[in-house]
Every structure is written in C-alpha cells, then in structure tokens.
Amino acid sequence: MSQKDRLPDFAQWNQILQRAGQGLPCLLLDHARYVANLQRARESLQPGIGVRVVAKSLACLPMLDMALQQLQAVGLMTFSAEMLIPLLQARPEVEHLLGKPLPASVAAQVLDQQPHASGRVIWLVDTQARAQQYAALALAQARGVRLRVALELDVGLHRGGVEPKDLAALAALVQQMPMLHLEGVMGYEPHLAKLPAPLRALSRARVEQALRAASALLQDMTGGGAALVNTGGSLTFETYGTPEGVSEVSLGSVLVKPGDFEVRSTQAFEAAMFIATPILKYRANNPIPGLEILTPLTRWRRRAALTIYGGYWKATPVHPKGYGYSGIFGRSSNQEIWSGPALGASPVDHFAFLRPDQSEAVIPEFGEILVLSEGEITETWPALSGVL
C-alpha cells in the first residue's frame, strides 16, 4: 500500500476542526499514528542498541516524553542552546548528546544558566582548536567542572568532524586535558539513504569500517570500558547493531514521518503530522492575471484555484486531492493560492491540509500542536521554541 493510500480521512478531520471552532492555520498530530510509529521503531531496533531521540525533530515536550518512555531511550540528541536550556530545566534527569559543535561562548552560557549541565550534557568536539577552547580557563577551569565530550567523526558525509585517520591523535589530545572527559564519538551518515545502490554499498562499508575502528580505539583507550559510538538517523537507525561497533543510534523525524522521509526504508511508518488551514476563497475557473482575454480559450482545462489562510510552510498540499501550489501566483505567506481540478461544491470555510516536508522547522513555527485522538481534539501541546 502506498503512502497516499494511508493518508488520514481529511473529510473527518475537517468536521472535527469545524466542531472545535478552529479558524486559524494549525498543526495536527494523529495520536494513534504517533503511538504506532513509536512501536514500529522500538521493534526495529537491533538487540543491545540504545536509542537517542532527536529533540529538534520532535520539538514538543509531551512528544519527547512519549518517545523517551516508549523507546526506553538513553537520552536526547539536542542541537541548540535555545532548546537545551529549557529541556535541562524541565527534565534535569535526561542526558543530552549535542548534535553539532556549539561555540565555546554558547556552551558557557548554558553552564551559567544550568550548572548541572556539566553532568548531563555530552558536548561535541570536532577539532583540536575546539577541544582547547572547551578546556580553556574561561569555560571549564573557572567553573571547577569537568566537561563530557564526544568527538564528531566524519564517516563520509564530509560536513565537518575529524577524519578517521586523525581520530586517534585528537582522542589522545583530549585524554590529556584534565578538564575534559572523552565519552566517545558521533558519526552521522544521512548520505547513505540517498546514494544510488552501488555507491551506497561502498559508502556503507566505509561507514561501518570507521565506526568499528573508532569503537576498537576507544576500547583500547578506556581499558575495555563502555564507550559511546553514536550513529544512524531516521532513515538508517534499524540497520546498526553491536557487530558494527555501535552503542546507540539516533532517530526522530521518522516518528511523525514528514515528506522528506518518504523513502524505501521508512515504508512501515505512517505520516502522523499535518498542517490544516482554512480555505478563504475559491474560483472554479481562474483567469490568468493580465491575460484575461485568453480565459475562454482555457476553460476546457477546468483549472480551479483556491486561496488558503497563510502559507509558505515547508509542506506539500495533500487535500483537496489534486491541488498543488499555483505556478502562476507562486508562493505566499499571506494568502497562498493552490490550483487543481474544479470541485463539485465550493470548499470555502472548509480546511485544506498539507503534509510537512520536515518537522524540525514546522513545529516551532506553529508554536503548538493540536492532538487528534478518537475523532476529537483532545489536547493542545506547546512546542519548544528556539534556533535549531
């Protein structure tokens, strides 16, 4: 069954929103689909592998709480101080692995506002210079804390991080810094899911080789102690196990499955998040601005136009069926126009629906999520705000 065949019953959703008196664009979460996706993810994990939930992809505390509990996660992967600080305050017991290296000045701000962050945060270090900055007097020694760090390992994405051949040298340098504690490595590999099959197989072998080598190095350096080797993402998390030297994988977006994550490896998951927005206007045969004289010649195409409340979201129209962004009017964040086949009745005051292309930008933009469960809006969950 294709993903299109598994779209929700938007006619029913339209009635729910109308009964609730909703009159503004809103973000909807299908609670049952989210729960089912959590179960699918839990069942897909390889034995002995921990899971870390990506905070920016599910930027809503109740959603994160559900994922942490249902997946029995080891913690969160967090990408910004703006999100890290409120999460540390709200859930002080949760451990965070940074998903990107933060400037030392920003890390200092986090420590100033949340002193216990030194015990709950694993900072990401990608270069010798960054390691030295984190260990510097202004950041660590002046606070009398020892910072936990992981090394960003370039396993083939080439978006930064230490090359595998240079990992031993950087790891040895960090171990010599008394104010830093080396926890392990993080190697992100989203390119694997997007490469053609022959290139993907070769790149996959290189990723696994780099991860196994990193695991062996860390085992040697710690005398056989447990070491962090984090990799994977929503498109690949289920493929890693302990034979690859991996201790944990990260995932997030697949749990609501935005459009950008519609690939072969996620077919078992269902889209669980959608945007709904009122339809303000409708014309069954819309003239082209400036070319109205041609309208009689184009009536046979029966292209209609509807105008929605708002727009320009990172999302793709999915209802009414057959409608998409107008190539004539272009995109608009005020009154976006969609074009499609003529409808049997005017859809004005009904709702149009879009499937987000990604969740990490859309959730903070709306600020809250309406939860649909058993045919009603049962809860409104506030979103986490801040730079990703």
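Read on for a plain summary of the structure.

## With respect to the overall build of the protein
For step 1, the next point in the chain: Within the protein, the regular secondary structure consists of 11 helices and 17 strands.
For step 2, the next point in the chain: Taking the principal axes of the C-alpha coordinates as reference, the protein spans close to 80 × 50 × 45 Å.
For step 3, the next point in the chain: Among the 388 residues that make up the protein, the fraction classed as buried is 51%.
For step 4, the next point in the chain: Long-range pairs, those at least 24 residues apart, make up 69% of the contacts in the protein between residues at least 6 apart in sequence.
For step 5, the next point in the chain: If you sum the accessible surface of the protein, you get close to 17300 Å²; carbon and sulfur atoms cover 52% of it.
For step 6, the next point in the chain: The distance from the centre of the 34 positive side-chain charges to the centre of the 34 negative ones in the protein is 6 Å.

## Notes on the pattern of salt bridges
For step 1, the next point in the chain: Summed over the entire model, instances satisfying the criterion amount to 17 salt bridges.
For step 2, the next point in the chain: Between Glu262 and Arg355 there is a salt bridge; the shortest N-O distance is 3.1 Å. One end of the pair, Glu262, is in the loop between strand S9 (248-251) and strand S10 (273-283); the other, Arg355, is in strand S15 (residues 351-356), and 93 residues separate them in sequence.
For step 3, the next point in the chain: On the accessibility criterion, Glu262 (32% relative accessible area) is partly exposed.

## Here's the deal with the packing of helix H8 (residues 167-175) against helix H9 (residues 197-221)
For step 1, the next point in the chain: It is the contact of H8 with H9, at a shortest axis distance of 11 Å, that shows an interaxial angle of 30°. Our classification of the angle between H8 and H9 gives roughly parallel. Crossing of H8 against H9: the hand is right-handed. Seen from H8, the contacting residues are Leu167, Ala168, Ala171, Ala172 and Gln175; seen from H9, they are Ala214, Leu217 and Met221.

## Topic: unusual backbone geometry
For step 1, the next point in the chain: Looking along the chain, the bond that leaves His319 and enters Pro320 is cis, with omega of 5°.
For step 2, the next point in the chain: As for its placement among the helices and strands, Pro320 is situated in the loop between strand S12 (315-319) and strand S13 (324-325).
For step 3, the next point in the chain: In this structure, His158 is a non-glycine residue whose phi angle is positive, near 60°.
For step 4, the next point in the chain: For His158, the position within the fold is in the loop between strand S6 (147-152) and H8.
For step 5, the next point in the chain: Although it is not a glycine, Asp349 sits at a positive phi angle of roughly 75°.
For step 6, the next point in the chain: Within the element layout of this structure, Asp349 appears in the loop between strand S14 (337-341) and S15.

## A short note on the environment of Val125
For step 1, the next point in the chain: The residue Val125 is located in strand S5 (residues 121-125) in this model.
For step 2, the next point in the chain: With 37 residues separating them in the primary sequence, Val125 and Val162 have C-alpha atoms 8.9 Å apart.

## Considering helix H4 (residues 81-90)
For step 1, the next point in the chain: Among the residues of H4, those classed as buried are Ala81, Met83, Leu84, Ile85, Leu87 and Leu88.
For step 2, the next point in the chain: Check the buried side of H4 and you find it contacts helix H3 (61-70), strand S3 (75-78), strand S4 (96-98), helix H5 (104-113), helix H6 (117-120) and S5.

## With respect to the sheet that holds S4
Strand-to-strand pairing in sheets goes through backbone hydrogen bonds, with the strands running parallel or antiparallel.
For step 1, the next point in the chain: Strand order in this closed barrel of eight strands is S2-S3-S4-S5-S6-S7-S8-S9, and the pairing throughout is parallel. Going across the sheet, the axis of each strand differs from the next one's by a mean of 30°, ignoring polarity.
For step 2, the next point in the chain: Pairing analysis gives four bridges linking strand S7 (residues 180-187) to strand S8 (residues 228-231), with the strands arranged parallel. Residue pairing for S8: Met186 is matched across the bridge by Asn230.
For step 3, the next point in the chain: Across the sheet, helix H7 (residues 128-135) lies against S5, S6 and S7, angled at about 140° from S5, the strand it touches most.

## What about the environment of Ile122?
For step 1, the next point in the chain: As for its placement among the helices and strands, Ile122 is situated in strand S5.
For step 2, the next point in the chain: Judged by its relative accessible area of 2%, Ile122 falls in the buried class.
For step 3, the next point in the chain: It is 9.1 Å that separates the C-alpha atoms of Ile122 and Leu182, two residues lying 60 residues apart in sequence.
For step 4, the next point in the chain: Setting aside anything within four residues of it in sequence, one finds Ile122 in contact with Glu95, His96, Leu97, Leu98, Arg148, Val149, Ala150, Glu183 and Leu228.

## Description of the side chain of Lys257
For step 1, the next point in the chain: The residue Lys257 is located in the loop between S9 and S10 in this model.
For step 2, the next point in the chain: Since its relative accessible area comes to 0%, Lys257 is described here as buried.

## Remarks on a nonpolar patch on the surface
For step 1, the next point in the chain: A cluster of nonpolar residues, Leu24, Leu280 and Tyr309, forms a patch on the protein surface that exposes about 260 Å² of accessible area.
For step 2, the next point in the chain: The exposure class assigned to Leu24 is partly exposed, which follows from its relative accessible area of 47%.

## Re the pairing of S15
For step 1, the next point in the chain: The element S15 is largely enclosed, with a buried count of six among its six residues.
For step 2, the next point in the chain: Side chains Phe351, Phe353 and Arg355 of S15 all project onto a buried face; the interleaved residues Ala352, Leu354 and Pro356 project onto the opposite face, where all are buried too.
For step 3, the next point in the chain: The pairing of S10 with S15 spans four bridges and is antiparallel. Looking at S15, one finds that Thr277 is bridged to Ala352.
For step 4, the next point in the chain: Inspection of the sheet shows S12 paired to S15 by four bridges, in the antiparallel sense. Among the inter-strand pairings, Pro317 is bridged to a residue of S15, identified as Leu354.

Reading guide: rules and limits
- Residues numbered from 1 in each chain as written.
- Predicted model: local features only at pLDDT ≥ 70, side-chain atom pairs only at ≥ 80, totals over all residues.
- Heavy atoms only, no water.
- Helix = DSSP H or I, 4+ residues; strand = E, 2+ residues; numbered from the N terminus.
- Buried < 20%, exposed > 50% of the residue type's maximum accessible area, 1.4 Å probe, protein only.
- Contact = heavy atoms within 4.5 Å.
- Areas by Shrake-Rupley, 256 points an atom, 1.4 Å probe, with all protein chains shown as cover.
- Lys, Arg positive; Asp, Glu negative; His and termini not counted.
- Charge placed at Lys NZ, Arg CZ, Asp CG, Glu CD.
- Salt bridge = Lys/Arg side-chain N within 4 Å of Asp/Glu carboxyl O.
- Axes fitted to C-alpha atoms, helices over the stretch in contact; angles between N-to-C directions.
- Parallel < 35°, antiparallel > 145°, perpendicular 65-115°, else oblique.
- Left-handed = near helix turned anticlockwise from the far one by under 90°.
- Pairing = 2+ DSSP bridges.
- Patch = residues over 30% accessible without salt bridge, like charges linked within 9 Å, V, L, I, M, F, W, Y side chains within 5 Å.

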